[in-house]
Structures are given as C-alpha cells and as structure tokens.
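Here are the chains, one letter per residue:
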Amino acid sequence: MIATSATAADAALTAREAEILHFIAHGLTSKQIARELNISPYTVNIRLCESAKADNPAQAIAHALRDQGQDTGVVGSQLSGVAGHYQLDWQLYLDGQCHANRVKGESPAEMALVAAQEIAFLARLHALQASPLSPNASFWGHIDALLTLAESLNQVDRMAPLLAQCAELPQCPVQVLAALVEVLAQRTDRSTPGMAERLSQRARQSCDSAYEGWARLCLAKFHLYVGEAAVARQQAMGALDVLRRHASGALLSRGLMLATHVLGMLGQHGDAQALLREAQGTVDTTLHASLSCEVQLRRCELACLQADIAATGQPFQEALELAQRLGFQSTESWLRVFCAMQCLAAGRFTDGHQHLEAAREASEQRGVARALIYATLQTGCFHARNGNLAGLEQCLSRLGDPQLRDTALGTAAWRWLRARHLVLSGQARDAFALAEQAMRELAHLGLWWGEDNWLFMAQVALLGGHRAMADNVLAELEARQLLHPAAPRRAVLLAVQGMLAHHDGAQAQAHRLFEQAHELARHTLMAQVLLPGLVWLSLVNGRQPGANPLAAAGDWAELTPEGRHVQAVVLRQSQWGDALQQTALMLGTGTDNPVPVVADAGDAALIRYVQCLPLPV
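Residues numbered from 1 in each chain as written. Predicted model: local features only at pLDDT ≥ 70, side-chain atom pairs only at ≥ 80, totals over all residues. Heavy atoms only, no water.

Asks: Explain the pattern of salt bridges here, please?
Replies: Pairing is possible between side chains that carry opposite charge, provided their charged atoms lie close to one another. Tallied over the entire structure, the rule returns 25 salt bridges. Residues Arg348 and Asp351 are paired through a salt bridge, measuring 3.1 Å at the closest nitrogen-oxygen approach. Two residues, Arg440 and Glu476, come together in a salt bridge whose shortest N-O distance is 3.1 Å. In this pair, Arg440 is assigned in helix α22 (residues 428-442) and Glu476 in helix α24 (residues 467-483), connecting sequence segments 36 residues apart. Through salt bridges with shared partners, a single network forms among Glu436, Arg440, Glu476 and Arg480. (Salt bridge = Lys/Arg side-chain N within 4 Å of Asp/Glu carboxyl O. Helix = DSSP H or I, 4+ residues; strand = E, 2+ residues; numbered from the N terminus.)

Structure follows, in structure tokens:
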C-alpha cells in the first residue's frame, strides 16, 4: 500500500458537478445519475472529467468528495492489452490513501472479479477499523469472515492493526491469534515469542493442539531471522510432529509450507523438498488457488536455494503468471527476483534487470519491506558485477530509507552493498570489515547469502593484501561445508582454494581446483561466475582455451569488467607474454584496458590478475 495525498481541484465545483459527486457518493452509476438529472450518461462523464481537472480523475474525485465531508471510496481502473494478455490496473482512494494493484490474465471478467474481491476486502477492513470494537458474536463473525477472505487474497498482513486490537480482548478466537503471530514472525517483531506463548496457552485451553504446533512454527521463522538457527531448527521439527498429528486442511498445508521455507533457508534442502511434496498433496488446487500459488513459490525458492538452473524457466514463469492472475503482489515480487536470478545465470542481463526492477515496483506498491530489501540487495549486486557505480549508489540510497534502514536485514544489506561500492571505488582495503559484518548477519539466511558471496569475500581480502583474512574465509567456508555439503558449496570451496593457490603462484594446482569447481557447478547458478577464472587459469598454464571459450557466458563476458578483460586477452593470445609486463590498472578507475592487470589503491606492490583471479563477483 502506498499512501498518497491528492491535490485540490484548480477551481471550485459548479452546482451540477457537486450534484453529480453527491450521487456518486451514494453509489449510483453514470446511467442512474443521468436518469436522476435528466441528462445523458455522456454528459455525466464529461462533467466528471471537468470536475476532476487532473490526469487522475479518480484521485481528484476522491479529494473533492472528502472536501464535501463524504468519506467515500473511489475506484479508478484501466484495462489494456499487453503481449497477448489483458492487464487491469486499479486504484482505490479511501480515507486519503491510495491502494493499487495490477491483475494480468486472459479473461477481463475474471480479472475484474479478482480486483473486486480485493477492493471489497479493503473497504470492509476500513469499515471495521473505523468502528469501535464491540466483541459480540456478530463482531467475531465479521472478523472470521474477513480473515478467511484475507487468507484467500494473500492480504492477512494488512489486517495486523485490527488483529492486534482483537488480541487484547479476552474472547479473541484462537485463529485470530494465529494470524497475528504469523504476521509478527514475518516482520521479526520482538513481541512474537510472547504472542506465540499466548497462542499456545489458548490452544491448550481449547484442546486445539494444531494451533500449538502453528505457534511453534511461527517461532521457528522468528528465530531463523534473528540469527538463532539451532533454535529455529528445533522449533520447526517439533512443530511438524504436532501438526501432522492434529492439523488438517488449509492449516496443515500452510504449516508444511512454512516449515519448507524454514528448513530450506537453514540448508536442509532434502527435508524441505520432502515437506513440499507432502504439502502439495494436501492442497486442492481447485478450491485453494492461494495455497497453490504458495506451493509454486516455495518450489521456485528451493530451486534458487539449491542454485538450480531451470532448463526452460517454465516453473518460474508459470508461478509468476499465477501470482499475476491472482493479483498477489508480494508473491510476485519474490518470484520476479527468482526469475531474475535465472536470467542472470543464463547470461541474459537485460531480462534479469527488468525482472529486478519489476520486483522493486511490486514490493514498493504492496509495502512489503522484506521483499523490497531483497530486491534492492540483488539489484545492487547486479550493478556491482557490471561495474555500475551509479546504479549501486541508487540501491544504497533506497536502503537508506528509515523504514528499511531500521530493520536488521536492511542494515545488513546496506553494509554488503557498501562493501561492494568501496571495492569499485578502489578502496578494497576498507571493504573487508563491512563485508565480514554483513556475512555474519546474512550467511545463515539461505537466499540472502549467495554462494558466490564467499568468492567476493576471498577476493576482497586478497585485493586488500590480507592473505590471513582470506584463509579465515576459507576456514569459515570449510566449517559450513561440513554441515551442508551440497554441490554449489563444494564448488565454491574448491574455487576459493584455487584462488589462494593462484595467489601463491601454484598455477597448475589452481587450474585443477577450478576445473573441479566448474564441473560441480556446471548446472547451477555458479557456472558463469567461475568460467572467466577457469579460462584465465588455462591461459596462465599455457593451455589453449579454444576459439570462443566464453561463448556460453553471454552477458557475463560482454558486460562485466572481468569478462571483458578475459575476452580481450583470449582475442590477443599472442600478446599474453607482454601483458604480464604492463603497468597495473587501478581497480575502480573504470578504464576499459584490454590488459588484464589490476592493482589495489594504496598498495605499493602491484597486484595483477596473475595473482588475483578475474571473477565477476
């Protein structure tokens, strides 16, 4: 949701315009107003446009109605055709705020129904929030019906203020407490443990053990995001046992998918996959479109957690289309980033960047802070890989917004991007401390810490002349690899060992390690990141890398500084011996020199790519 303030009309309304607005406030259509005033519907619409005197008539009309003391919601919409599909953009102006969404699909009638359901939900929510709480049977019936609608529309978080008020009442139903605990856990609110304990007590009192399991699952998610991985794992496994014995229907499905998310983020990918299959078996897709969309989201999330590349991208595209058809903006924002990661891994940077920008817009419009931080973090990393300082600075500026900066994830994401900015600016020596702090805050959070981030950590340490710190990165990675020995992590471990061997002059060993790493990562999101380093080591070891060894890398070869350097040397292999004697290029100068050498600012000893590998991290 985006709060906006309308501007007043340039001139006072005429009597006829005010009369038309009065009828609109009472819910009459243009045809009905025309009959009342004995004029044509066309004239009514012309008068409306004249009264609005703005590019956005719905917003101006809403403002004019408020000036008349009418607290009436005004809806504006526009249907258009986009790439063989329809797109319905709508806005609801209510109580000085603008709620907006976009629905895509093949049936305008179905799209209008989806929009109408969300608008009706927002209007009913506004009416309940504007009225004093009256905890009688009728009131709780309205709350229960609205909560059911919110769950079907993926809008429960919008009810948080109302749910918090209800939770203070002694008669508050257990399902209302359950919804509130989920929202609090999602926001990493410090009141989550206390509210979860209240839910558990109420569940025991009402002999409803299923909600006791739900409370523990929400606690698992909370502990995950505050960095208490062991507690999160323990809570999740205990909650699953309770849910399987006592829960059924939608609560069981949602519980299994929440556990899928927690265990997947903790690196237990096999357990998460099994849970997702179990959850999918409990969902009736004909009755619960929202749960079906959640299943697809978790499937794509797990694919990215495991660094898998979808051969055709179909699972991601199908999930995205379903989210757009249902108008689930928060889900769309996450899926857009996942689609971007797939596009970038395939070397399609333009497509990837478009997905990232769409993710940011969706998360901003919906007001989902965590999704916005994640989209901004991934966008900043994209710009850093391309050497785009201006784009990276825009992302740092967005993370400086108080609503994002004051969250733990927002601060950690800012530190990580700031470290990248320092490296691009030629201040690698100052970047490692920031990067290490961000690593402590993000490395336990699965999606928030890509495996290639370890390569960046090692690279920054070497660029700054901190060999011992690079060894520390390797030791940290080895310890984590023992816990989760998945192929992408084993590949990164081998690559970091290869980076250190290359730095120490053991070129043959470095090449062997990178060959093993690239083979392990061949079908993952890591493959194109490692390829320039592998080609470089082939050259260093006197091997012929082939006519166009970076052909599969796509934009990784064309748009990243490291890719361009390696590409240039491959094209000038006869000049390879001379290249090693050239004066080093200062990191971050932006000079597109075909000679692949680089030095750290402020370091008297020149550090060349023959010591520090050209990896687009």
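And the narrative resumes.
Asks: Honestly, the packing of helix α7 (residues 160-167) against helix α8 (residues 174-186) in this entry has me stumped. Any pointers?
Replies: The description of two packed helices rests on the angle between their axes and on the distance between the axes. The geometry of α7 relative to α8 is characterised by a closest axis approach of 9 Å and an angle of 130° between their N-to-C directions. Accordingly, the angle class assigned to the pair α7 and α8 is oblique. Our pair here, α7 against α8, has a crossing hand that is left-handed. In this structure, α7 uses Ala160, Leu163, Ala164, Cys166 and Ala167 to contact α8, whose residues at the interface are Val176, Leu177, Ala179, Leu180 and Val183. (Axes fitted to C-alpha atoms, helices over the stretch in contact; angles between N-to-C directions. Parallel < 35°, antiparallel > 145°, perpendicular 65-115°, else oblique. Left-handed = near helix turned anticlockwise from the far one by under 90°. Contact = heavy atoms within 4.5 Å.)

Asks: How should I be thinking about unusual backbone geometry in this particular structure?
Replies: If a residue is not glycine, its phi is most likely negative; likewise, a peptide bond is most likely trans. Unusually for a residue other than glycine, Asn38 sits at a positive phi of about 60°. Residue classification places Asn38 among the exposed positions, given a relative accessible area of 71%. Phi at Asp95 is positive, roughly 55°, even though this residue is not glycine. (Buried < 20%, exposed > 50% of the residue type's maximum accessible area, 1.4 Å probe, protein only.)

Asks: Honestly, the pairing of strand β1 (residues 74-82) in this entry has me stumped. Any pointers?
Replies: For β1 and strand β2 (residues 85-94), the ladder comprises nine bridges, and the chain directions are antiparallel. The residue of β2 that forms the bridge with Leu79 is Leu88. Counting the residues between successive antiparallel strands, the hairpin from β1 to β2 contains two residues, one of them, Ala83, with a positive phi of roughly 50°. (Pairing = 2+ DSSP bridges.)

Asks: Teacher, can you tell me more about the side chain of Thr260 here?
Replies: Note that Thr260 resides in helix α12 (residues 249-265). Judged by relative accessible area, which is 0%, Thr260 ranks as buried. Apart from the residues lying within four places of it in its own chain, the contact partners of Thr260 are Ala272, Leu275, Leu276, Arg298 and Leu302.

Asks: Please explain the packing of helix α18 (residues 369-385) against helix α19 (residues 389-399) as it appears in this structure.
Replies: It is at 8 Å that the axes of α18 and α19 come closest, and there the two elements cross at 160°. Considering their axes alone, α18 and α19 lie roughly antiparallel with respect to each other. Where α18 crosses over α19, the two elements pack in a sense that is left-handed. Of the residues in α19, those touching α18 at Ile373, Thr376, Thr379, Gly380, His383 and Ala384 are Gly391, Leu392, Cys395, Arg398 and Leu399. Counted by class, the contact of α18 with α19 contains five nonpolar, five polar and one charged residues. (Nonpolar A, V, L, I, M, F, W, Y, C, P; charged D, E, K, R; others polar.)

Asks: Just checking my understanding: could you explain the nonpolar core for this structure?
Replies: In a soluble, globular protein the nonpolar side chains are often hidden away together inside. Core analysis: the biggest nonpolar cluster contains 190 residues, and Phe338, Trp416, Trp448 and Leu455 have the highest contact counts within it. Sort the elements by how many residues they give to this core and helix α10 (residues 209-225) lands first, with eleven residues. When near neighbours in sequence (up to four residues on either side) are disregarded, Trp416 contacts Leu377, Cys381, Ala435, Ala438, Trp449, Asn453, Phe456 and Met457. (Core = buried A, V, L, I, M, F, W, Y, C linked by side-chain atoms within 4.5 Å.)

Asks: Can you help me understand the layout of surface pockets in this one?
Replies: By rolling a water-sized probe across the atoms, one finds the places where empty space is left. Of the pockets and cavities examined, the second largest pocket occupies roughly 840 Å³. Lining of the second largest pocket is provided by 43 residues; of these, Leu305, Gly446, Trp449, Gly450 and Glu451 occupy positions nearest its centre. Among the secondary structure elements, those contributing two or more residues to the lining of the second largest pocket are α11 (229-246), α12, α14 (289-305), α16 (329-345), α18, α23 (452-463), α24 and α25 (487-503). Of the residues forming the lining of the second largest pocket, the biggest block, five residues, is contributed by α18. (1 Å grid on protein atoms, 1.4 Å probe; cavity = no way out; pocket = protein on both sides within 12 Å on 5 of 7 lines; lining within 4 Å. Points joined across faces, edges and corners; volume = space filled by probe spheres on them.)

Asks: So what exactly am I meant to see when it comes to the sheet that holds β2 here?
Replies: Spatially, β1-β2-β3 is the arrangement adopted by the three strands of the open sheet, whose pairing is antiparallel. Edge positions in the sheet fall to β1 and β3 (97-105), since each has one partner strand and no second. Pairwise comparison of adjacent strand axes, ignoring direction, gives a mean angle of 15° for this sheet. Across the face of the sheet, helix α5 (residues 108-130) comes into contact with β1, β2 and β3 while running at roughly 20° to β2.

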